[in-house]
Amino acid sequence: MLHYFILYKPFEVLSQFSREGEKRTLKDCCDLPVDVYPVGRLDYDSEGLLFLTNDKAMNAALLHPSRAHTRTYLVQVEGAITDTALHALETGVDIMLNGVAYRTRPAKATLVKEEPALPARFPPIRFRKNVPTSWIALTLTEGKNRQVRRMTAKVGFPTLRLVRYRIGQLSADGWTSGELRSYTKKEIQALLFTQP
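Worth saying up front: this structure is predicted, and the values here are computed from it rather than measured.

Conventions used here
Residues numbered from 1 in each chain as written. Predicted model: local features only at pLDDT ≥ 70, side-chain atom pairs only at ≥ 80, totals over all residues. Heavy atoms only, no water. Salt bridge = Lys/Arg side-chain N within 4 Å of Asp/Glu carboxyl O. Buried < 20%, exposed > 50% of the residue type's maximum accessible area, 1.4 Å probe, protein only. Helix = DSSP H or I, 4+ residues; strand = E, 2+ residues; numbered from the N terminus. Contact = heavy atoms within 4.5 Å. Arc of directions from axis to C-beta. Pairing = 2+ DSSP bridges. Phe/Tyr/Trp six-rings, centres within 6.5 Å; stacked < 30°, edge-to-face > 60°. Lys NZ or Arg CZ within 6 Å of the ring centre and 35° of its normal.

1. What about the pattern of salt bridges?
Side-chain pairs of opposite charge can arise whenever the charged atoms involved come near each other.
Reasoning step 1: Counted by the stated rule, this structure contains 10 salt bridges.
Reasoning step 2: When the shortest N-O distance is used, the salt bridge between Arg 19 and Asp 28 registers 2.7 Å.
Reasoning step 3: By relative accessible area, which is 41% here, Asp 28 ends up partly exposed.
Reasoning step 4: Here Glu 179 ties to Arg 181 by a salt bridge, and the two come within 2.8 Å at their closest N and O atoms.
Reasoning step 5: With a relative accessible area of 28%, Arg 181 lands in the partly exposed category.
Reasoning step 6: One network of salt bridges, in which partners are shared, links Arg 41, Asp 43, Asp 45, Arg 146 and Arg 149.

Next comes the structure, spelled out in structure tokens:
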């Protein structure tokens, strides 16, 4: 039987079921069939929507570079982000991947003027009265290792909090941290394979 799930992955949970020391894994936050695996990944220190399935054909279709499906991240960065930095994020920046320079694809980067309504993060971001922060929405069509963090650092605004907020048409509005939802194949195709 084929299964399709979306999890709002909490902060400090590995996107895998196997143990790595004392770190929490997907096994600690949800009960899933043994043959279900994440499609792509979210880093241990990132949160948000994570697709899990045992449909190998859908997995391959979604991850194929020609698909270029969109993922939108809400990113809290250190500092008052500038239009120059947002423009650089949109046009592409040079980051290092495994010791090799890589130019990111064009993206969409916008300032989020009000703090987004997201599930609380535990532990929360450390508040520093003298250091401003900004929220941005960054929409990518690729997913390199720690790409968002590398991109914001490159333009001078390190990432403090990173949430995968949208995949295709599916957004994290109204979700709680650790929440797991099940979908039919038809529902997941409409949500993930249709661009917003």
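After that view of the structure, there is still more to cover.
2. A short note on the side chain of His 3
Reasoning step 1: The topology assignment puts His 3 in the segment before strand E1 (4-9).
Reasoning step 2: Beyond its immediate sequence surroundings of up to four residues, His 3 is in contact with Pro 33, Asp 35, Val 36, Leu 52, Thr 53 and Asn 54.

3. Considerations on helix H3 (residues 83-91)
Reasoning step 1: Along H3, the positions that sit buried rather than exposed are Ala 85, Leu 86 and Leu 89. Each buried residue of H3 lies within a common arc of 100 degrees when the element is viewed along its axis, so the set occupies one face. With respect to the buried face of H3, the exposed residues turned more than 90 degrees away are Asp 83 and Thr 84.
Reasoning step 2: Buried residues along H3 sit against strand E9 (108-112), strand E10 (133-140) and helix H4 (147-154).
Reasoning step 3: Two residues or fewer past H3, Gly 92 is found with a positive phi of approximately 115 degrees.

4. Some remarks on the pairing of strand E8 (residues 100-103)
Reasoning step 1: In the sheet, strand E7 (residues 94-97) pairs with E8 via four bridges, with the strands oriented antiparallel. Bridged to Ile 95 within E8 is Tyr 102.
Reasoning step 2: A loop of two residues connects E7 with E8, the two strands running antiparallel in sequence, and Asn 98 in this loop sits at a positive phi of about 55 degrees.

5. Describing the side chain of Thr 25
Reasoning step 1: With respect to the secondary-structure elements, Thr 25 resides in strand E3 (residues 24-25).
Reasoning step 2: A residue is classified by how much of its surface remains accessible, and Thr 25, at 0% relative accessible area, is buried.
Reasoning step 3: In this structure Thr 25 touches Val 13, Leu 14, Gln 16, Phe 17, Ser 18 and Arg 19, once residues within four positions along its chain are discounted.

6. Digging into the packing of aromatic side chains
Reasoning step 1: As enumerated under the stated definition, the model contains one aromatic pair in all.
Reasoning step 2: Centroid distance Phe 17 to Tyr 37: 6.2 Å. Interplanar angle 85 degrees. Geometry classified as edge-to-face. Pair noted here: Phe 17 is in the loop between strand E2 (13-14) and E3 and Tyr 37 is in strand E4 (residues 37-38), with a separation of 20 residues, a long-range link.
Reasoning step 3: The lysine or arginine in question, Arg 121, covers the ring of Phe 11, its NZ or CZ lying 3.7 Å from the ring centre.

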